[in-house]
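Tertiary structure, described
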Amino acid sequence: MHRLLFASALLVSFAAQAQVKVDDPWVRATVAPQKATGAFMQLTSAKPAKVVAASSPVAAMVEIHEMKMDDGVMKMRAVDALALPAGQAVALKPGSYHVMLMGLKAPIKVGETVPLTLTVEGDDKQRSTVEVKALAR
């Protein structure tokens, strides 16, 4: 019975993962004293969803951030969730939405692959994870 439940959970997870497509994931390389950097990519969800969390073994803390102009001043802040409208590409890019990696455990060098896990929640409140391999550049 446990095997059947586990197999069912895996199938649901894989089906959910297939619903979010990740294109061109990359992370900005760092220099030695730097303890934070950004990750960027394009996300497209087949169904309405939202990114509600992110994590990576290379950082102590990972958040989804937004940068926007506010009274002539560029401000950055963490957001609780990033909406993924069905069928519409959402760009995470410098100067906009991005994944912020803070408390880096080591510098990130050009050419390294940085693993990221995005937690995505559908309209049905079901959560799944999307594994991302982002190239440092």
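Further up the page is the structure itself.
Since this is a predicted model, take the numbers as computed values, not measurements.

**Considering the overall build of the protein chain**
A tally of regular secondary structure across the protein chain gives 1 helix and 10 strands. The order of helices and strands in the protein chain, counted from the N terminus, is α-β-β-β-β-β-β-β-β-β-β. Residues counted as buried form 36% of the 137 residues belonging to the protein chain. Nonlocal contacts in the protein chain, meaning residues at least 24 apart in sequence, comprise 67% of its contacts between residues at least 6 apart. When the accessible surface of the protein chain is summed, it comes to about 8,100 Å², and 59% of that surface belongs to carbon and sulfur atoms.

**With respect to the pattern of salt bridges**
All chains considered together, the criterion is met by 7 salt bridges. Between lysine 21 and aspartate 23 there is a salt bridge, with the nearest N and O atoms lying 3.6 Å from each other. Given a relative accessible area of 49%, lysine 21 falls into the partly exposed group. Using a relative accessible area of 26% as the deciding quantity, one classes aspartate 23 as partly exposed.

**Some thoughts on unusual backbone geometry**
Only a minority of non-glycine residues have a phi that is not negative, and only a minority of peptide bonds are not trans. The residue aspartate 71 is not glycine, and still its phi comes out positive at about 55°. Assessed through its relative accessible area of 76%, aspartate 71 is described here as exposed. For lysine 125, which is not a glycine, the phi torsion comes out positive at approximately 70°. Mapped onto the elements, lysine 125 comes out in the loop between strand S9 (113–122) and strand S10 (127–136). Look at lysine 125 and you get exposed, because its relative accessible area is 56%.

**Side note on the nonpolar core**
What tends to happen in soluble globular proteins is that the nonpolar side chains get buried as a cluster. Formed by 28 residues in total, the largest nonpolar core has its most connected members in Met41, Leu43, Val51, Val99, Leu101, Leu116 and Leu118. Discounting residues that sit within four places of it in the chain, valine 99 has contacts with Thr37, Gly38, Ala39, Met41, Ala54, Val62, Glu63, Ile64, Leu92 and Leu118.

**Observations concerning the packing of aromatic side chains**
Evaluation of the coordinates by the stated rule reveals 1 aromatic pair. Geometrically, the ring pair formed by tryptophan 26 and phenylalanine 40 is tilted, given 4.6 Å between the ring centres and 35° between the ring planes. With tryptophan 26 in strand S1 (residues 20–27) and phenylalanine 40 in strand S2 (residues 36–45), this pair connects stretches of sequence that are 14 residues apart. You'll find tryptophan 26 and phenylalanine 40 in the same group, each marked buried.

**Observations regarding the environment of glycine 38**
On the secondary structure map, glycine 38 appears in strand S2. For the pair glycine 38 and leucine 92, spaced 54 residues apart in the sequence, the C-alpha separation amounts to 9.6 Å. When near neighbours in sequence (up to four residues on either side) are disregarded, glycine 38 contacts Trp26, Val27, Arg28, Val99 and Leu101.

**A closer look at the environment of aspartate 80**
As for its placement among the helices and strands, aspartate 80 is situated in the loop between strand S5 (73–78) and strand S6 (82–84). Residue classification places aspartate 80 among the exposed positions, given a relative accessible area of 76%. Sequence separation between aspartate 80 and lysine 50 is 30 residues, and the spatial gap between their C-alpha atoms is 9.7 Å. With near-sequence residues (within four places) excluded, aspartate 80 lies in contact with Val51 and Val52.

What counts, and where the lines are drawn
- Residues numbered from 1 in each chain as written.
- Predicted model: local features only at pLDDT ≥ 70, side-chain atom pairs only at ≥ 80, totals over all residues.
- Heavy atoms only, no water.
- Helix = DSSP H or I, 4+ residues; strand = E, 2+ residues; numbered from the N terminus.
- Buried < 20%, exposed > 50% of the residue type's maximum accessible area, 1.4 Å probe, protein only.
- Contact = heavy atoms within 4.5 Å.
- Areas by Shrake-Rupley, 256 points an atom, 1.4 Å probe, with all protein chains shown as cover.
- Salt bridge = Lys/Arg side-chain N within 4 Å of Asp/Glu carboxyl O.
- Core = buried A, V, L, I, M, F, W, Y, C linked by side-chain atoms within 4.5 Å.
- Phe/Tyr/Trp six-rings, centres within 6.5 Å; stacked < 30°, edge-to-face > 60°.

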